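# Fold and geometry: a report
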Amino acid sequence: MKKKYSGIGLFFICILIIGLFISRPKLINEQTHVAASPAVIPTLFLHGYKGSERSFSTMLERMEQQNWGTKTLVCFVHKNGRVSIRGTLPKNVENPFIQVIFENNRAQLSDQTKWLQEIMKQLKERYYIEEINVVGHSMGGLALTNYIQSTENQDGYPKVQSLITIGSPFLGIDQKGYFERNYGKALIDLKPNSQALNKLSHHRTSFPDDIQVLSIAGVVEDPLTGDGLVSLESALANRNLINSDQFTGKVVTSITATHSGLHEIEVVDQLIANFLWENIDE
């Protein structure tokens, strides 16, 4: 009799274990990630020095209202370099937007480049993204350029198709008092003739010749002061890092074309849309 009951008990225990295994929730690292359609090329947006989620949020909202695309993923990099990604990548989204946010938004270019490498690696491994467009404001444009140079022809990352820089200081920032008013290790790289900026120029042959580049510069009054922080010459100086047939420069002249206001101007939205998605109507 005892053997009979022990057999029945063992049977129910097995059923219970199987049921728990089938119904248990998936752990974070076991999540199934939706693969991007091969025809879809997401666009990644990266803020600049002292930037935050707000830096590109309103631009992305305006683009969504125009039905140019949809914000799908947010990549948040913690101060220790750990990457957290929230959102999904639905197959039916024609132009997915990916926003990148650095918690340490005053970090040096070398750290930002490492974080971008980790983000891109995860985007390829977890979301099967093979190709990508990238947009960077201010120092974000420098970081994306450095990322491209540092990962040339490496298979572990998505292939960058197009790069857009907005008010990026490729010759540094030459404004009196700027470095006394601000702080952070990023300032080391933002000074004219810094080691980081010279490195970008030195490694210009590492920039692939099949990536198209659009650089947008702002001029409020005088080209020498440009957008009030970055001169016109500095914002377009990356033309010296690539072949002439890869480069397109656009200048937005307006009282609202300030350094922090460039990503809030609808004409900049349209320049980005025309460059990345040629079928967008003006």
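The structure displayed is predicted, hence computed values, not measured ones. (Residues numbered from 1 in each chain as written. Predicted model: local features only at pLDDT ≥ 70, side-chain atom pairs only at ≥ 80, totals over all residues. Heavy atoms only, no water.)

Attention shifts here to unusual backbone geometry. With phi around 60°, asparagine 67 is a residue other than glycine that occupies positive phi space. Even without being glycine, asparagine 153 reaches a positive phi, approximately 60°. Assignment of secondary structure puts asparagine 153 in the loop between α4 (139-150) and β6 (159-166). (Helix = DSSP H or I, 4+ residues; strand = E, 2+ residues; numbered from the N terminus.)

Let's shift gears to the confidence of the model for the protein. Per-chain confidence: the protein averages 89 in pLDDT, with 85% of residues scoring 70 or above. Here residues 1-6 is a poorly scored stretch, pLDDT under 50, and it has zero contacts once near neighbours within four places are set aside; other chains count. Low pLDDT, under 50, characterises residues 8-32; the stretch is placed with three contacts to residues that sit more than four places away or in other chains. (pLDDT = per-residue confidence, 0-100. Contact = heavy atoms within 4.5 Å.)

Quick look at the packing of helix α3 (residues 109-127) against α4 now. Taken N-terminus to C-terminus, the directions of α3 and α4 make an angle of 65°; their axes are 9 Å apart at the nearest point. Handedness of the crossing formed by α3 with α4: right-handed. Where α3 abuts α4, its residues Leu109, Gln112, Thr113, Leu116, Gln117 and Met120 lie against Met139, Leu142, Ala143, Leu144, Asn146, Tyr147 and Ser150. For the contact of α3 with α4, the class distribution of residues is eight nonpolar, five polar and no charged. (Axes fitted to C-alpha atoms, helices over the stretch in contact; angles between N-to-C directions. Left-handed = near helix turned anticlockwise from the far one by under 90°. Nonpolar A, V, L, I, M, F, W, Y, C, P; charged D, E, K, R; others polar.)

A word on α3. Taking 1.5 Å as the rise per residue, α3 with 19 residues should run 27 Å; its terminal C-alpha atoms sit 26 Å apart, in good agreement. Buried within α3 we find Leu109, Gln112, Thr113, Trp115, Leu116, Ile119, Met120, Gln122, Leu123, Lys124 and Tyr127. Positive backbone phi, at 60°, marks tyrosine 128, one or two positions downstream of α3. (Expected span 1.5 Å × (residues − 1). Buried < 20%, exposed > 50% of the residue type's maximum accessible area, 1.4 Å probe, protein only.)

Within the secondary structure, serine 138 is located in the loop between β5 (131-137) and α4. By relative accessible area, serine 138 is classed as buried at 7%. Excluding residues within four positions of it along the chain, serine 138 makes contact with Gly48, Ile166, Gly167, Ser168, Pro169 and His259.

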